[in-house]
Amino acid sequence: KQEVTQIPAALSVPEGENLVLNCSFTDSAIYNLQWFRQDPGKGLTSLLLIQSSQREQTSGRLNASLDKSSGRSTLYIAASQPGDSATYLCAVIYSGNTPLVFGKGTRLSVIA
Amino acid sequence: NAGVTQTPKFQVLKTGQSMTLQCAQDMNHNSMYWYRQDPGMGLRLIYYSASEGTTDKGEVPNGYNVSRLNKREFSLRLESAAPSQTSVYFCASDQLRYEQYFGPGTRLTVT
């Protein structure tokens, strides 16, 4: 079964710290990988999308990497702020005619 | 450009009642999706429509029906609501399996 796993389920860090969120997937034959942010009671907001031919994407303080051979992606957040507190979800489109497969997310708390 | 919109935002139903959740997108996307999100279960796909005129079951389709009314609109119907269908429902859309965009969600409670 094609799955996406995010560990840890929750993470708490002090403000200003650089941090890495992890995402692993079971099949290296992926089409693309997308990172989302979800604030409590809200919908999902797309942060970054990495196509299978790419190794990384950057947006502001966020950098997402993709290593298909090891089945891993990481989301790096530089100089974390309390406003970064949210749940971060990783989702994979596997090759073939399959919809997006989501991980269960990592709930991040940045403490001032 | 409103993106993906959903109505209603909140709904309370009694067991056995029916209702339709509405979703519309203005990004000219071909594909649309319905998910439910429950604590500890993550996001689960209910139904999707890869293109206008087609619909397919996702992971948890039982108790739901969908209609792709046109390219913009994709509705989700609960024919006889059950307490197990209490959840937050999200609609999403994308173009050719590229970046997916989500609506704000509908919070449904079935008593």
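Anything mentioned here points back to the structure above.
Not measured: the values here are computed from a predicted model. (Residues numbered from 1 in each chain as written. Chains lettered and ligands numbered in written order. Predicted model: local features only at pLDDT ≥ 70, side-chain atom pairs only at ≥ 80, totals over all residues. Heavy atoms only, no water.)

Participant: What is the right way to look at the sheet that holds strand 1 (residues 4–5) of chain A in this model?
Facilitator: Hydrogen bonds between backbone atoms are what pair the strands of a sheet, whose relative direction is either parallel or antiparallel. Across the sheet, five strands lie side by side as 1-3-8-7-6 (chain A); this open sheet has antiparallel pairing. The two strands at the open ends of the sheet, each matched to only one other strand, are strand 1 and strand 6 (56–59) of chain A. (Pairing = 2+ DSSP bridges. Helix = DSSP H or I, 4+ residues; strand = E, 2+ residues; numbered from the N terminus.)

Participant: Got a minute to help me understand the interface of chain A and chain B in this structure?
Facilitator: For an interface, size is often stated in terms of accessible area lost upon the parts coming together. The interface of chain A with chain B comprises 23 residues on the first partner and 19 residues on the second. When chain A packs against chain B, the two sides together hide about 1600 Å² of surface, and 52% of this comes from carbon and sulfur. Broken down residue by residue, the surface that chain A buries against chain B is led by A:Leu44, A:Pro99 and A:Phe102, which jointly contribute 25%. Run the count over chain A and chain B and you get zero salt bridges. Going through the elements one at a time, strand 4 (30–38), strand 5 (44–51) and strand 9 (86–94) of chain A are the ones with two or more residues in the side of chain A that touches chain B. (Contact = heavy atoms within 4.5 Å. Buried area = accessible area lost by both parts, 1.4 Å probe. Salt bridge = Lys/Arg side-chain N within 4 Å of Asp/Glu carboxyl O.)

Participant: Looking at this model, I keep getting lost on the nonpolar core. Mind explaining?
Facilitator: Across soluble globular proteins, you tend to see nonpolar side chains buried next to one another. Within the largest apolar cluster, 23 residues are counted, with the highest numbers of intra-cluster contacts made by A:Phe25, A:Leu33, A:Trp35, A:Leu75 and A:Ile77. Those elements giving two or more residues to this core turn out to be strand 3 (19–25), strand 4, strand 5, strand 7 (62–67), strand 8 (72–77), strand 9 and strand 11 (106–111) of chain A. Ranked by residues supplied to this core, first place goes to strand 9 of chain A with five residues. Formed by 20 residues, the second largest nonpolar core is a distinct cluster that contains B:Tyr47, B:Tyr64, B:Val66 and B:Leu78. (Core = buried A, V, L, I, M, F, W, Y, C linked by side-chain atoms within 4.5 Å. Buried < 20%, exposed > 50% of the residue type's maximum accessible area, 1.4 Å probe, protein only.)

What is shown is where atoms sit, not what they do.
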